[in-house]
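# Chain and residue survey
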Amino acid sequence: MRYISTRGQSPALPFCDILLGGLAPDGGLYLPETYPQVSPAELETWRGLSYADLAFAILSKYIDDIPPADLKALLDKTYTADVYCFARPGDDPADITPVRWLEKGRLALLELSNGPTLAFKDMAMQLLGNLFEYVLEQRGETLNILGATSGDTGSAAEYAMRGKHNVKVFMLSPYGKMSPFQRAQMYSLQDANILNIAITGMFDDAQDVVKAVSNDAEFKAKYKIGAVNSINWARVLAQIVYYFKGYFAATETNDQQVSFCVPSGNFGNICAGHIARQMGLPIAQLVLATNENDVLDEFFKTGVYRPRGAAETHVTSSPSMDISKASNFERFVFDLVGRDPAVVRELWHKVDKGGAFDLRGTPYFDQLPSFAFVSGKSTHADRLATIKAVYERYGVMIDTHTADGVKVAWEHPQPAGVPLVVLETALPVKFAETIREALGCEPERPAALAGIEALPQRVDVLAPDVAAIKAYIAARV
Ligand SMILES: *Cc1c(COP(=O)(O)O)cnc(C)c1O
């Protein structure tokens, strides 16, 4: 299996050669040359597999440059009940991503937040940590991951890379801007290869420093600077697995169809659902949910993709979806336009200049229904009402992002016999303030995380100064 760029002007490469990089050299995103197909007979044999075995069955169709026994060992080490240990009472921790019915046979949550940082990004990031360590070891290389975070992604990266050989993480976060719980999650890590830098500024200042350092090609090469952002193909790939697992858990036979509702920001999670469907998984609909930042809802309703600037991006109570330019969306559009890279180049020529594109009146727009996407959006008031209603009706506490999903799921009833599975992307304890506002009580917290705010913290406070950050890195790699 080789990987090609959505812009068509980069050489096709095997999996391990694209694993550590970001964008393709031509500015596009990597995708497999073709999507492997799953036959009905194969799907039948997959139904009873454990999470790790299912992951092996799927990933070995996409990765042919890691010996199967090694890939199997990496997956067995990643998808264990010890790593995904925050399963709730009544769940079987061995499921890794348990399905919790809210209405039996009709509406369910797919729990993706039982990993170390209590958000779905752990599902892929934990595998990425093991894959990075493996490939760096094979090649005798080292990597210094530099990133900026306002919470979720940075902590998922740190928990994935902690203690890994040949990898260091330099993670910038805005000083004093994260919740005490988020700070404790990141800064209490004592692993020598995890370096937390609190920037005296906002998230955007931290992000600007990361961009400036990464744009210095000489520094980047000399200090082997890399990233783990959401366009990384391996992250999308790892996420395909739980659509299959969720499908099997929500159905009894492979004659049935399932629909998935996905709280979306950068389009990474739902892109994996799209690929699962392209592989042949019987998905009826992919229901995309946004918050007030509705660039994707607008596209699926109108055919217009109009990324917004920072000034038009709302700060919401589902902050991990506060995204106005969906970095993985180009992957879907590549498929929508019949995998014609010239068309993608033309469309993103506009996007990269800060513009928009409009597919109405093109043949591509007529193709859109065949991809089975529908969409909706949610507001802060909707989140509060949904968290309350789900708690009162079903006795289940959900987080703000999952609430965006449930709200939009309710607006898209499915035919009898088609369960609608909402992806639970975080646990409520991460967003305590909104839970208090919605329910008037504290969110549930896994017992193992009681009092983490009191643990000793390891963090250096620096100004958002590019030269100072470079010196800090240079002194520590
Ligand atoms: C990242 C994230 C999302 C959005 O996922 P995308 O892959 O960016 O669409 C939703 N909810 C939570 C809790 C997240 O951390």
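As the structure is a computational prediction, the values presented were derived from the model and not from experiment. (Residues numbered from 1 in each chain as written. Predicted model: local features only at pLDDT ≥ 70, side-chain atom pairs only at ≥ 80, totals over all residues. Heavy atoms only, no water.)

Neighbouring the ligand are 15 residues; K121, G265, N266, N269 and T425 lie closest to it. In this structure, an oxygen atom belonging to the ligand sits 3.1 Å away from a main-chain N or O atom of F267. A distance of 2.9 Å is found between an oxygen atom of the ligand and a backbone nitrogen or oxygen belonging to N269. Here the ligand has 390 Å² of accessible area as a free molecule, and 97% of this is covered by the chains. Per-class residue counts for the shell around the ligand are five nonpolar, eight polar and two charged. (Near = heavy atom within 4 Å. Polar contact = N/O pair within 3.5 Å; in protein donor to acceptor, adjacent residues only side chain to side chain. Areas by Shrake-Rupley, 256 points an atom, 1.4 Å probe, with all protein chains shown as cover. Nonpolar A, V, L, I, M, F, W, Y, C, P; charged D, E, K, R; others polar.)

Before going further, it helps to examine the sheet that holds strand β8 (residues 194–199). Read from one edge of the open sheet, five strands run β9-β6-β7-β8-β16, paired in parallel fashion. Either end of the sheet is taken by a strand with one partner, and the two such strands are β9 (225–226) and β16 (460–462). Sheet topology note: the strand β7 (residues 167–174)/β8 ladder contains six bridges and is parallel. In the strand pairing of β8, F170 is matched with L195. In the packing of helix α8 (residues 203–215) onto the sheet, the strands contacted are β6 (143–148), β7 and β8, and the crossing angle to β6 comes to about 145 degrees. (Pairing = 2+ DSSP bridges. Helix = DSSP H or I, 4+ residues; strand = E, 2+ residues; numbered from the N terminus. Contact = heavy atoms within 4.5 Å. Axes fitted to C-alpha atoms, helices over the stretch in contact; angles between N-to-C directions.)

This next bit is on the sheet that holds strand β5 (residues 107–111). Judged by pairing direction, the sheet is mixed, and its six strands sit side by side in the order β4-β5-β15-β10-β11-β14 without closing on themselves. Looking at strand neighbours, the two that pair on one side only are β4 (99–103) and β14 (373–377), the edges of this open sheet. Neighbour to neighbour, the strand axes of the sheet diverge by 25 degrees on average, direction disregarded. With three bridges connecting them, strand β10 (residues 258–263) and strand β15 (residues 420–424) associate as parallel partners. Along β15, the bridge assignment pairs S259 with L420.

These results come straight from atomic positions and should not be treated as a statement about function.
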